[in-house]
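An overview of the molecular structure
Chain by chain, the residues run as shown.
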Amino acid sequence: MTAKIYGLESLVDISLDSGARLTLSDGPLQLGWRHSGMTSDFIAEIMALPYSRSKKDYLQAHHDIGYLSNELIENAVKFRQPGEILIEAGMVKGSFLIRVRNAIDRATSSRFQQLLQRLQSKEPGVLLLEQIETNAISSAGGSGLGLLTLLSDYDARMAWTFEENNDEQIILTTTAAVAMPPSSNL
């Protein structure tokens, strides 16, 4: 398989063997939006536990972990090809790190890679404001607001790996990390 990486390549090789691993599978109920929220809430509950000595730190960690997880899982559910979505999450060197892996079609891969190239052209905050203005005058979907918000407002560090699987599918692995408050429990 050939791979193309965008973003911080150093995130791609970080091991999450000591973290949590979840698999969302297709089934009779089909994967949908509700699975994104339930799964991200579960991840936030588990990963924020070390911050429970301070209500403020716990709430901040829970919010940041939940928002980041929800954005990545929602995008995986929304743009995926039929099949499983693999989610890995853990704490690594003072940051929450999540990796989401799913199959997408070639057209989605092409559109997303164009968006990622655009992200490299300007600061995320500038692009976020431009996209908000564009959305105000247009009803077009696929705006990337969630991704831009993660990069701009949450200082998320991100990497995307596109691997050719076969003629029809690309395996997309999205890795993201956000800094967490220091905790005496970690």
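Throughout what follows, the structure given in this document is the object of discussion. Every chain is numbered on its own, with residues counted from 1 as its sequence reads. Thresholds applied to this predicted model are a pLDDT of at least 70 for local features of residues and 80 or more for the giving and counting of side-chain atom pairs; totals over whole chains, interfaces and linings are not thresholded and use all residues. Only heavy atoms go into the side-chain values, all of them from the structure, while hydrogens and water stay out.

1. Notes on helix H5 (residues 124-137)
Working definition: helices are DSSP H or I runs of at least four residues, strands are E runs of at least two. Numbering for both runs from the N terminus. In this analysis, the expected span of each helix is defined as 1.5 Å times one less than the number of residues it contains. Under the 1.5 Å per step criterion, the end-to-end length of H5 is 20 Å for 14 residues, consistent within 8% with the ideal 20 Å. Remark: exposure states derive from per-residue accessible area (1.4 Å probe, protein chains only) relative to the maximum for the residue type, with buried under 20%, exposed over 50%, and partly exposed in between. Within the sequence span of H5, burial applies to Leu-127, Leu-128 and Gln-131. Projected onto a plane normal to the axis of H5, the buried residues spread over an arc of 105° and lie on a single side. Exposed side chains of H5 directed beyond 90 degrees from the buried face belong to Leu-129, Glu-133, Ala-136 and Ile-137. Whether two residues are in contact is decided by their heavy atoms: any pair within 4.5 Å suffices. Check the buried side of H5 and you find it contacts helix H4 (106-119) and helix H6 (145-153). The arc refers to the directions leading from the helix axis to the C-beta atoms.

2. Side note on the packing of helix H3 (residues 55-79) against H6
The axes are straight lines fitted to the C-alpha atoms, using for helices just the contacting stretch, and the angles between their N-to-C directions are given from 0 to 180°. Put simply, H3 and H6 touch, their axes get as near as 10 Å, and they point 145° apart. Seen along the crossing, H3 lies across H6 with a hand that is left-handed. Of H6, the residues touching H3 (which contributes Tyr-67, Leu-68, Glu-71 and Leu-72) are Gly-146, Leu-147, Thr-149 and Leu-150. For this classification, Asp, Glu, Lys and Arg are treated as charged, while Ala, Val, Leu, Ile, Met, Phe, Trp, Tyr, Cys and Pro are nonpolar and the rest, including Gly, are polar. Residues of the contact of H3 with H6, tallied by class, amount to 5 nonpolar, 2 polar and 1 charged. The sense of a crossing depends on the near helix, which, turned anticlockwise from the far helix by less than a right angle, makes the crossing left-handed and, turned clockwise, makes it right-handed.

3. Examining the environment of Leu-116
Structurally, Leu-116 can be placed in helix H4. Expressed as a C-alpha distance, the spacing of Leu-116 and Thr-134, which sit 18 residues apart in the sequence, is 18 Å.

4. Here we look at the layout of surface pockets
Cavity means a closed set of points on a 1 Å grid over the protein atoms alone, one where a 1.4 Å probe fits but cannot get out, pocket means an open set with protein on both sides within 12 Å along at least 5 of 7 lines, and lining means a residue has an atom within 4 Å of a point. Grid points are joined across faces, edges and corners, and a volume is the space filled by probe spheres set on the points. If you add up the space inside the second largest pocket, you get close to 250 Å³. For the lining of the second largest pocket, the secondary structure elements donating two or more residues are strand E1 (3-7), H4 and strand E5 (157-164). Among the elements that take part in the lining of the second largest pocket, E5 stands out by supplying 3 residues, more than any other. Across the lining of the second largest pocket, the residue classes break down as 9 nonpolar, 2 polar and 2 charged.

5. What to know about the nonpolar core
To form a nonpolar core, buried Ala, Val, Leu, Ile, Met, Phe, Trp, Tyr and Cys residues must be joined to one another through side-chain atoms within 4.5 Å. Ranked by internal contacts, the top residues of the largest apolar core, which has 42 residues, are Ile-43, Phe-96, Ile-98, Leu-147, Met-158, Trp-160 and Phe-162. In contact with Ile-43, other than residues within four places in its own chain, are Leu-22, Ile-65, Ser-69, Ile-73, Ile-87, Ala-89, Phe-96 and Ile-98. Within the second largest apolar cluster, 6 residues are counted, among which are Leu-11, Leu-16, Val-92 and Leu-97.

6. Here we look at a nonpolar patch on the surface
Here the term patch refers to residues with relative accessible area over 30% and no salt bridge, with like charges joined within 9 Å and nonpolar side chains (Val, Leu, Ile, Met, Phe, Trp, Tyr) within 5 Å. Per-residue and other accessible areas were derived by the Shrake-Rupley procedure at a 1.4 Å probe size, with only the shown protein chains allowed to occlude residues. The rule for a salt bridge is simple: a side-chain nitrogen of Lys or Arg has to be within 4 Å of a carboxyl oxygen of Asp or Glu. Together, Phe-42, Ile-46 and Leu-49 make up a nonpolar patch on the protein surface, roughly 280 Å² of accessible area in all. Summarising the element assignment, Ile-46 is placed in helix H2 (residues 33-48). Judged by relative accessible area, which is 39%, Ile-46 ranks as partly exposed.

7. Description of the pattern of salt bridges
Summed over the entire model, instances satisfying the criterion amount to 3 salt bridges. A salt bridge links Arg-101 to Glu-163, with the nearest nitrogen and oxygen atoms 3.1 Å apart. Residue Arg-101 is found in strand E4 (residues 95-105), and its partner Glu-163 is found in strand E5; the two are separated by 62 residues along the sequence. A relative accessible area of 31% means that Arg-101 is categorised as partly exposed. Assessed through its relative accessible area of 16%, Glu-163 is described here as buried. A salt bridge links Glu-164 to Arg-106, with the nearest nitrogen and oxygen atoms 3.0 Å apart. Of this pair, Glu-164 sits in strand E5 while Arg-106 sits in helix H4, placing them 58 residues apart in sequence. Judged by its relative accessible area of 38%, Glu-164 falls in the partly exposed class.

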